[in-house]
Amino acid sequence: MLVYLDNAATTQVCPQAARAALEVMTEEFGNPSSRYAWGGRAAARLREDRQTVADTLGCAPEELFFTSCGTEGDNWAVRGAVRYNRHKGKHIVTTAIEHAAVLEPIRELEEQGYEVTRLRPDRTGHIDPEELSAALRPDTVLVSVMLVNNELGTIQPVKAAAEAIRRTQCPALLHTDAVQGFLKVPFTPRGLGADLVTISGHKVRAPKGIGALYIKKERISKWKPLLPGGGQEGGLRSGTEPTAQIAALAAACRAWGGEKAIRHIADVKEYALERLRAQVEGLRVISAGDAPHICAVSLPGYPSEMLVRDLSDRGICVSSGSACHRGKPSHVFAALGLSKQELMGVLRVSFGPDSTRRDAEALADALAEIQKNRIAVR
Ligand code: PLP
């Protein structure tokens, strides 16, 4: 039996998405740009699927640009925003707990002469909106703040960032990486006040290889193409559309289950934390997560790589995170100021619509057993 509790890493494709992809690959396989009726059918299907994803995100279909993944959307947003504002300044505000898909392109820009302010979270994993506001300057051209942190599940103050940008009248475009927020926490790009929003399909039961970048309508005319070519995606990202993946993403959006799914996921997570606290001695909840699907715990003194392996031997999948990358603790947990022992034993557990209370019990039972069999490192 597989107990899959790593839904922040990726998700199992839901049957509706798999069926939609198969249908488009084998039946409605035309190229949406072809002039004959068969191409027209593919174009109509693409329009319909784009509308579904746009409705789910809460934007106009013209504001949605399909990408190959969240990483592409983040890279495009970061590079595109500084290009958009290239005559306005060279200062970027972001956080120390962004995904590498945001941190790395920003680091590249830093090497090219941009000045970067990286806000650090407090001990609970939240960015202080006042610090964010105070970091803005007349030459700030980009603010990039994720909606939900992928290792802690904490929700970050994106709306407050938008308000601060408006208040200080700095020229910054606001980007939010909503890869972990999409379908998990209710938001719309306009409600947040964001100019740019990244999402990714494989976190919400669509296949890998599909994502999207929302670009606010008012920003599109000055936005530069990522891939010049045949003119697909409003001329901003050419390349024949991956119609099967897009159909699958639309189907996954339709099948998600709205508030009921969110309540279910939150309920299983709460139950898991309850069981873990009750059964695993000394377990620390590092973050219970504001988002329904992610939490981080630590078993101080037990190296997380070992825990992940021992759990894996019992058919249970959780993440040491991006928690321990090549022996180094992740930048996110390092930013929280945890003790060495706590840092060593961090696990990220993340849930999805298919997770059950039984999965939570299996995890707590297994961790309690591992704890009994292994000796803590002091
Ligand atoms: N941003 C966040 C917050 C993520 O969690 C991830 C994936 O883990 C990404 C970006 C990258 O998304 P993708 O795997 O689709 O490139």
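Residues numbered from 1 in each chain as written. Predicted model: local features only at pLDDT ≥ 70, side-chain atom pairs only at ≥ 80, totals over all residues. Heavy atoms only, no water.

J.: Explanation requested: the side chain of Gln156 in the structure shown.
T.: Within the fold, Gln156 resides in the loop between strand E5 (140-144) and helix H6 (158-168). One polar contact links the side chain of Gln156 to the main-chain carbonyl oxygen of Gly125, over a distance of 2.8 Å. Among the polar contacts made by the side chain of Gln156, one reaches the side chain of Thr154 at a distance of 2.9 Å. Each residue touching Gln156, except ones within four places of it in the same chain, is listed here: Ile97, Gly125, His126, Ile127, Val145, Met146, Leu147 and Asn149. (Helix = DSSP H or I, 4+ residues; strand = E, 2+ residues; numbered from the N terminus. Polar contact = N/O pair within 3.5 Å; in protein donor to acceptor, adjacent residues only side chain to side chain. Contact = heavy atoms within 4.5 Å.)

J.: Would you take a moment to explain a nonpolar patch on the surface for this structure?
T.: A surface patch of nonpolar side chains, amounting to about 350 Å² of accessible area, comprises Phe29, Tyr36 and Trp38. Tracing the backbone through its elements, the reader meets Tyr36 in the loop between helix H1 (15-26) and helix H2 (37-57). Taking relative accessible area as the criterion, Tyr36 reaches 53% and is therefore assigned exposed. (Patch = residues over 30% accessible without salt bridge, like charges linked within 9 Å, V, L, I, M, F, W, Y side chains within 5 Å. Areas by Shrake-Rupley, 256 points an atom, 1.4 Å probe, with all protein chains shown as cover. Salt bridge = Lys/Arg side-chain N within 4 Å of Asp/Glu carboxyl O. Buried < 20%, exposed > 50% of the residue type's maximum accessible area, 1.4 Å probe, protein only.)

J.: What's the story with the site of the ligand in this structure? I'm lost.
T.: The full set close to the ligand counts 13 residues, and Gly70, Thr71, Asp177, Ser200 and Lys203 are the nearest of them. Thr71 is positioned with one of its side-chain polar atoms (N or O) 2.6 Å from an oxygen atom of the ligand. Side-chain polar atom of Lys203 to an oxygen atom of the ligand: 2.6 Å apart, as the coordinates give it. Across the shell around the ligand, the residue classes tally to 3 nonpolar, 7 polar and 3 charged. (Near = heavy atom within 4 Å. Nonpolar A, V, L, I, M, F, W, Y, C, P; charged D, E, K, R; others polar.)

J.: I tried to follow the packing of aromatic side chains on my own but got confused; where do I start?
T.: Any pair of aromatic rings gets described here by the distance separating the centres and the angle formed by the planes. Per the counting criterion, the structure on display carries 3 aromatic pairs. Ring geometry for Phe29 versus Trp38: centroids 5.6 Å apart, planes at 65 degrees, classification edge-to-face. You can call Phe29 exposed: its relative accessible area is 52%. Where Phe65 meets Trp76, the ring centres are 6.2 Å apart and the plane angle is 85 degrees; that geometry is what we call edge-to-face. Here Phe65 is found in strand E2 (residues 64-67), whereas its partner Trp76 is found in helix H3 (residues 70-84), with 11 residues between them in sequence. Assigned by exposure class, Phe65 and Trp76 land together as buried. Sitting over the face of the ring of Tyr84, Lys222 holds its NZ or CZ atom 4.2 Å from the ring centroid. (Phe/Tyr/Trp six-rings, centres within 6.5 Å; stacked < 30°, edge-to-face > 60°. Lys NZ or Arg CZ within 6 Å of the ring centre and 35° of its normal.)

J.: In this structure, what is going on with the environment of Pro225? I would like to understand it.
T.: By secondary structure assignment, the location of Pro225 is in the loop between helix H8 (217-220) and helix H9 (243-255). A relative accessible area of 32% means that Pro225 is categorised as partly exposed. Residues Pro225 and Lys260, 35 residues apart in the sequence, show an inter-C-alpha distance of 39 Å. With near-sequence residues (within four places) excluded, Pro225 lies in contact with Trp76, Arg83, Gly235 and Leu236.

J.: How should I be thinking about the sheet that holds E2 in this particular structure?
T.: Backbone hydrogen bonds hold the strands of a sheet together, and the pairing may be parallel or antiparallel. Judged by pairing direction, the sheet is mixed, and its 7 strands sit side by side in the order E2-E8-E7-E6-E5-E3-E4 without closing on themselves. A single partner strand is all that each edge strand has here, and the edge strands are E2 and strand E4 (115-119). Strand-to-strand twist in this sheet, taken as the mean axis angle between neighbours without regard to direction, amounts to 20 degrees. In the sheet, strand E3 (residues 91-95) pairs with E5 via 4 bridges, with the strands oriented parallel. Across the sheet, Val93 pairs through a bridge with Val143, a residue of E5. (Pairing = 2+ DSSP bridges. Axes fitted to C-alpha atoms, helices over the stretch in contact; angles between N-to-C directions.)

J.: Help me understand the sheet that holds strand E14 (residues 346-350), please; the structure alone is not making it clear to me.
T.: Overall, antiparallel pairing links the 3 strands, which are arranged E9-E10-E14 in an open sheet. One side of each edge strand has no neighbouring strand; the edge strands of this open sheet are strand E9 (284-287) and E14. The sheet shows a mean angle of 35 degrees between the axes of neighbouring strands, direction not considered. Strand direction decides the pairing type here: strand E10 (residues 294-298) and E14, joined by 5 bridges, are antiparallel. In the strand pairing of E14, Ser298 is matched with Val346.

J.: Which parts of the structure should I look at to understand helix H10 (residues 258-279)?
T.: An α-helical turn contains 3.6 residues, so a residue and the one three or four places further along point in the same direction. Over its 22 residues, H10 runs 32 Å from end to end, which matches the ideal 32 Å to within 8%, given 1.5 Å per residue. What H10 keeps buried is the set Ala261, Ile265, Val268, Lys269, Tyr271, Ala272, Leu273 and Leu276. Elements in contact with the buried residues of H10: E9, E10 and helix H14 (357-373). (Expected span 1.5 Å × (residues − 1).)

J.: Can you help me understand the state of the cysteines in this one?
T.: Here a disulfide denotes one covalent bond, and it connects the sulfur atoms of two cysteines. Scanning the entire structure with this criterion turns up 0 disulfides. A disulfide-free cysteine, Cys69 has its sulfur positioned 17 Å from the sulfur of Cys253, the nearest such atom. Its sulfur unpaired, Cys295 is 15 Å from the next cysteine sulfur, which belongs to Cys317. The class of Cys295 is buried, set by a relative accessible area of 1%. (Disulfide = S-S within 2.5 Å.)

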